[in-house]
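As a plain string of letters, each chain reads:
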Amino acid sequence: MKKGIAVSPGVAVGTAYCMLEIFVNPDRKRLADREVTAELARFETARDAVALDLRALRMKVEHQLGPSEAAIFGVHEAMLRDSAFTGKVRNWIANDRLTVSAALHRLLQEYTRLFSETGDAYLQERVADLRDVVIRLGDRLSDVANPEQPAMHGPIIIVADELLPSHVVALDDVNVIGIVTQRGSQTSHAAIIARSRGIPAVSGVEHLLRQVKTGDTVVIDGRDGIVTVNPDPEALSAYLKLEREFVHLKDELAANRDMPAQTADGHPLQLLANVNGPLDLPAAQNMGAAGIGLYRTEYLYLTHPDIPSEDEQLATYERIIQGSPGTSITIRTLDIGGDKTVPYLGHQHQEANPFMGWRSIRLSFEHPEFFITQVRAILRAAHFAQTLGKQVRILFPMITNLEEMRRVRGMVGRAGKQLKAEGHAYLLTPIGMMLEVPAAAVSIRLLLGSVDFVSIGSNDLVQYLMAADRDNPKVSHLCQPLSPPVLFVLRDVIAACRAAGKPITLCGELAGQPRGFVVLLGMGLTSFSMSPAFIPSIKELACHLTMEKATAVLDRAMKFNTTAQIKRYLSRQVAEVAPNLSLMDQA
Ligand code: PEP
Ligand code: MG
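Draft legend 1. Spatial organisation of the pairing of strand S11 (residues 328-332). Counted residue by residue, S11 has five buried out of five residues, so it is predominantly covered. Across four bridges, strand S10 (residues 291-296) lies against S11 in parallel orientation. In the sheet register, Ile292 faces S11, and the bridge partner there is Ile329. In this sheet, strand S12 (residues 391-396) lies alongside S11 in parallel orientation, the contact comprising five bridges.

Draft legend 2. Representation of helix H20 (residues 484-500). In this model, H20 (17 residues) spans 25 Å end to end at C-alpha, consistent with the 24 Å of a helix rising 1.5 Å per residue. For H20, the full list of buried residues reads Pro484, Val486, Leu487, Val489, Leu490, Val493, Ile494, Ala496 and Cys497. Where H20 terminates, the next one or two residues include Gly501, which has phi positive at roughly 70°.

Draft legend 3. A look at the site of ligand 1. Of all residues adjacent to ligand 1, which total 13 residues, the nearest are Arg296, Arg332, Gly457, Asn459 and Arg470. Note that an oxygen atom of ligand 1 is positioned 2.7 Å from one of the backbone N or O atoms of Asn459. Arg470 places a side-chain nitrogen or oxygen 2.8 Å from an oxygen atom of ligand 1. Alone, ligand 1 offers 280 Å² of accessible surface; in the complex the protein occludes 99% of this. At three residues, helix H19 (residues 458-466) tops the list of elements feeding residues into the shell around ligand 1. Its residues assigned to classes, the shell around ligand 1 shows three nonpolar, four polar and six charged.

Draft legend 4. Expanded view of empty space enclosed by the protein. Going through the model one piece at a time under the given rule, you end up with three cavities of 30 Å³ or more. Here the second largest cavity is characterised by a volume of approximately 60 Å³. Every residue along the wall of the second largest cavity is listed here: Ser8, Pro9, Arg195, Gly198, Ile199, Phe246, Lys250, Ala533, Phe534 and Met584. Residue composition of the lining of the second largest cavity, grouped by class: six nonpolar, two polar and two charged. Counting contributing residues, the lining of the second largest cavity receives three or more from each of domain 1 (2-23 + 150-250) and domain 3 (264-584).

Draft legend 5. Expanded view of the coordination of the magnesium ion (ligand 2). At this site the magnesium ion (ligand 2) is bound by Glu436 (OE) and Asp460 (OD), with donor distances of 2.0 to 2.2 Å. With Glu436 in the loop between strand S13 (431-435) and helix H17 (438-442) and Asp460 in helix H19, this residue pair connects regions lying 24 residues apart in the sequence. Both residues of the pair, Glu436 and Asp460, belong to the buried class.

Draft legend 6. Up close: unusual backbone geometry. Backbone geometry places Arg97, a non-glycine residue, at a positive phi of 60°. As for its position among the elements, Arg97 is in the loop between helix H4 (83-94) and helix H5 (100-118). Phi angles above zero are rare outside glycine, and Ser360 is one such case at about 60°.

Parameters and conventions
Residues numbered from 1 in each chain as written. Chains lettered and ligands numbered in written order. Predicted model: local features only at pLDDT ≥ 70, side-chain atom pairs only at ≥ 80, totals over all residues. Heavy atoms only, no water. Buried < 20%, exposed > 50% of the residue type's maximum accessible area, 1.4 Å probe, protein only. Helix = DSSP H or I, 4+ residues; strand = E, 2+ residues; numbered from the N terminus. Pairing = 2+ DSSP bridges. Expected span 1.5 Å × (residues − 1). Near = heavy atom within 4 Å. Polar contact = N/O pair within 3.5 Å; in protein donor to acceptor, adjacent residues only side chain to side chain. Areas by Shrake-Rupley, 256 points an atom, 1.4 Å probe, with all protein chains shown as cover. Nonpolar A, V, L, I, M, F, W, Y, C, P; charged D, E, K, R; others polar. 1 Å grid on protein atoms, 1.4 Å probe; cavity = no way out; pocket = protein on both sides within 12 Å on 5 of 7 lines; lining within 4 Å. Points joined across faces, edges and corners; volume = space filled by probe spheres on them. Domains from an automatic or database assignment. Donors = N, O, S within 2.8 Å, 3.2 Å for Na, K, Ca; no water.

Shown next as structure tokens:
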């Protein structure tokens, strides 16, 4: 039994599929002379298989999402055919007598060292690509070495060091019922993906890949972050029962998709979806979202080999608008930096404190030509939305002060003028700010005159307020949204926006958590944007909860002095109001 961080609730029992085996136990075996030919052949077989996989993936992604999102797989395929790369691996097998996996491991180490010494961010990004390719080869090699091992047939539980963007696309066809990663936490990529699919997940489980192998039975308890490998029969049957209940609950809750979102005493609520790209739209539709409350555009940039052009962006935004439920779509401009770097935007050197450095809107300001391109694409998309009777809003991330807000307004105006002069159809949209920097939270009253709406990014707000990295499991005990300081700030910000008559939404992970929802509702918040999978349970909770009850719960919760007391109290309240939701709750 191993403890990690619960990042997506529910219980899953399945067969492990390890995605990083070759790196965890690099093969130390030296080949005998007679084994070399066979090992070279294994490499070639795996290489051909991966090339085919990549081509299939590229076609699939191109079909579903368009050529720009698919381009990265072409880059990976070219890498696989690169003679410098293949020559080295062959040489180490033939002359140094390394096994293929050991040779791949050495290749990756060599390139990582070489490229990181150059300090060139572009090359560093290529290391991530190489790593992606090598992981694929490793996965294929384990299939080749062990033909009876089921490839990726479900239901499986992915066990990985971390989840890469290309894994996620590849997993689309596979019946993945759970995800466990060694790295990451509540708000990392794997967590966001797991939640958007409504599958249980646990992150930050150290050294797990040393203890699990593909084919093992793994149980994930996404309520308290427990992972059990090959449980004894009693534990297994207890977990299987819980898993059945979880699946049943999910089906039951999804059936309320057409029910109105409102409190028990009839206050209407807006339950919106967070999406990362067109692939998340079916979930947003199926779970009954009232619109898109947050479209994170950075995934479009992260999966593109260079800057996506205005027309490429427009095409993707139009796809999102077309496939979105409801009528409102909030598009957030590029929120890159921190842990997500894009080399073509000039992340040339490592920063000492990337989350507090050159990220998000700060980076966009320094690349006005590129930033304007995105704003233009959004304004053009807004016109397209209008033709469908929908409305686009533009949202700027990581706003710190009034000067920044004024500056973005100026840029939107400039983009509009350019489009007008060029004869493009466009529409000026409402302009909003993400409230996620404590400085902006405490001075919100100064900013409100310059924004049309506010969206609270609680994931970042909490990490900055608590000075605790949202992706670092070592400080996750501090990075707690249900802590007194966070509640004080949230209550104040929501009150300020309501007093000024500014629409306000919360789009961090807190919105989809039952306990978080209750306190936010108690603060008077009625618009929430979350991973689509959480919408049904929040709708269920809301229809058992009156405004009066939520206010009373909030008042009581805010009298406690510690996070643990608040969480315990709120858990009891949620269990009382909607007992069947306890499977969706987290520790
Ligand atoms: C947030 O910070 O809460 C948020 C919604 O944005 P992201 O998780 O993309 O930083
Ligand atoms: Mg954020």
